[in-house]
Amino acid sequence: MRTVLISGGGIAGPALAYWLRRHGFGVTVVERGPGLRPGGQAVDVRGVALDVIERMGLLDEARRVRTRMRGMSVLDPEGKEIERSTEVALSSGRLDSDDIELLREDLVRMVHERTRADVDYLFGDTITALDEDGTGVRVDFAHAPSRTFDLVIGADGLHSTVRRLAFGPEERFAHHLGSYLSVFSADNFLALEDWQVWMRDGDAGFGIMAVRDNTELRVAFGFESGPLARDAGALRRIITERLASLRWEGPRLAEAARNAPDFYCDAMAQIRMDRWSQGRVALLGDAGYCPSPLSGQGTSLALVGGHVLADCLARTPGDHTAAFARYEERMRPFVALNQALATENPGGPASEQSVERAKNALSLDG
């Protein structure tokens, strides 16, 4: 049995693990966190990615747990409504679309539940070294004993450890898009009911939606900035200070950010690489081609990429070089169209035509 180590226990890694097990591979997933990460923004599953989750048997459940927005309001900096819609939401697009918006943590849980019985999950650990020879890749871990695998896949996000070890420093591949995004949860102190509100004040703004049967708010706060140090404590302080300076509900949002157990903040950036494989190591999802949340397509790229990569490996038994080449050949046009969504209209959403073209520009059976 060919063995594969996947670094990253979010969406991309477990999705790939599902398909690899279906094709008879032995799969281990190593995840830095102690368990499944809670929190995160609402994510979209669109176009061909819907076909992927349907083939995984997850489509009905995804529809059951999807967000159910009735509409949105756009506010001025004082909190006065200046626009509203019951047809479109900025977080997901047209409300009558077949696309599915759901919380990231729900999708992570669903994919994990589909794989935990026959995939070896190694939580609370990380890869520290990769040593490839003609027969496999010896992997050293921070805690677990070293092991050798036939292949190693980096599905470990924007700041991928596998990418750094196999391809070089992140600075060679990361392209900062001029802003930061923070996401955190709070009690529904705004009493929103299946509704979302958006506001921009200068170079900062936020979107807030009610989730969990309107018991909770999920807040996405963004601000323009050049690259900042990756210091979690410093970023939280910056966010709380920026929120506190806003009018309307700024102080209460700042307090929520200060106390949120699921607080997240990172740069809006894309990963652009000339190749996604090096020997027996390959990259998947944000690790190889992060489009940034500005595209709205990171989750769909992860799901589709996992299906395509597993399919290519299954079609070329024992020839990972040919499989990785075919994976890139099939995925690169799809990735290019989806990354372009984040840069097509700086400061605003991409056109509906561009989104429709990008989300369906690949055949799973190609």
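Look a little higher up for the structure.
Rules behind the numbers
Residues numbered from 1 in each chain as written. Predicted model: local features only at pLDDT ≥ 70, side-chain atom pairs only at ≥ 80, totals over all residues. Heavy atoms only, no water. Axes fitted to C-alpha atoms, helices over the stretch in contact; angles between N-to-C directions. Helix = DSSP H or I, 4+ residues; strand = E, 2+ residues; numbered from the N terminus. Parallel < 35°, antiparallel > 145°, perpendicular 65-115°, else oblique. Left-handed = near helix turned anticlockwise from the far one by under 90°. Contact = heavy atoms within 4.5 Å. Nonpolar A, V, L, I, M, F, W, Y, C, P; charged D, E, K, R; others polar. Buried < 20%, exposed > 50% of the residue type's maximum accessible area, 1.4 Å probe, protein only. Arc of directions from axis to C-beta. Pairing = 2+ DSSP bridges. 1 Å grid on protein atoms, 1.4 Å probe; cavity = no way out; pocket = protein on both sides within 12 Å on 5 of 7 lines; lining within 4 Å. Points joined across faces, edges and corners; volume = space filled by probe spheres on them. Core = buried A, V, L, I, M, F, W, Y, C linked by side-chain atoms within 4.5 Å. Polar contact = N/O pair within 3.5 Å; in protein donor to acceptor, adjacent residues only side chain to side chain.

(A) Structural context of the packing of helix H1 (residues 12-22) against helix H4 (residues 104-115). Look at H1 against H4: their axes get within 9 Å of each other, and the N-to-C directions meet at 30 degrees. The angle between the axes of H1 and H4 places the two elements in the roughly parallel class. When you trace H1 past H4, the crossing you get is left-handed. Contacts between H1 and H4 involve Pro14, Ala15 and Tyr18 from the former and Val111, Arg114 and Thr115 from the latter. Its residues assigned to classes, the contact of H1 with H4 comprises four nonpolar, one polar and one charged.

(B) Looking closely at helix H11 (residues 352-359). Residues of H11 that are buried: Ser354, Val355, Ala358 and Lys359. Summarising the axial view, the buried residues of H11 lie within an arc of 115 degrees, below the 170-degree limit, and thus occupy one face. Among the exposed residues of H11, those pointing more than 90 degrees away from its buried face are Glu352 and Gln353. Buried residues in H11 make contact with helix H2 (48-55) and helix H10 (320-340).

(C) Here's a closer look at the sheet that holds strand E19 (residues 277-278). Across the sheet, six strands lie side by side as E9-E2-E1-E13-E20-E19; this open sheet has mixed pairing. Because the sheet does not close on itself, it has two edges, and the strands there are strand E9 (120-123) and E19. Relative to strand E2 (residues 26-31), strand E1 (residues 3-7) is paired through five bridges, and the arrangement is parallel. When the sheet's bridge partners are listed, Thr3 is paired in E2 with Gly26.

(D) Region of interest: the layout of surface pockets. Of the voids in this model, the second largest pocket is the one considered here, and its volume is about 240 Å³. What lines the second largest pocket is a set of 14 residues, among which Arg66, Thr67, Val211, Arg212 and Asp213 lie closest to the centre. At the level of secondary structure, the elements contributing two or more residues to the lining of the second largest pocket comprise helix H3 (59-65) and strand E16 (204-211). Of the residues in the lining of the second largest pocket, the class split is five nonpolar, two polar and seven charged.

(E) Seen up close, the sheet that holds strand E15 (residues 195-201). An order of E5-E4-E15-E16-E17-E14-E18 is seen for the seven strands of this open sheet, with the pairing classed as mixed. This sheet does not close on itself; its edge strands, each paired only once, are strand E5 (81-85) and strand E18 (264-271). Neighbour to neighbour, the strand axes of the sheet diverge by 20 degrees on average, direction disregarded. Pairing of E15 with E16 involves six bridges; the strand directions are antiparallel. By the bridge assignment, Val197 is partnered in E16 with Ile208.

(F) Structural context of the nonpolar core. Counting residues in hydrophobic clusters, the biggest one holds 76 residues, and the most contacted among them are Ile6, Val304 and Met331. In terms of residue count, the dominant contributor to this core is helix H9 (residues 298-315) (nine residues). Dropping the residues within four chain positions of it, Ile6 is found in contact with Gly13, Leu16, Ala17, Leu20, Val27, Thr28, Val29, Val30, Ile153 and Ala155.

(G) Summary view of the environment of Gln278. Here Gln278 shows up in strand E19. Among the residues examined, Gln278 registers a relative accessible area of 33% and is labelled partly exposed. Taking C-alpha positions, Gln278 is 44 Å from Glu216, a pair spaced 62 residues apart along the chain. Non-local contacts of Gln278, meaning those with residues more than four positions away in its chain, are made with Glu132, Ala166 and Phe167. A polar atom in the side chain of Gln278 sits 2.4 Å from the side chain of Arg275.

(H) Geometry of unusual backbone geometry. Phi angles above zero are rare outside glycine, and Trp248 is one such case at about 55 degrees. Mapped onto the elements, Trp248 comes out in the loop between helix H6 (232-244) and helix H7 (250-259). Take Trp248: its relative accessible area is 30%, and that puts it in the partly exposed class. Unusually for a residue other than glycine, Ser292 sits at a positive phi of about 80 degrees. In this fold, Ser292 is placed in the loop between helix H8 (286-289) and H9.

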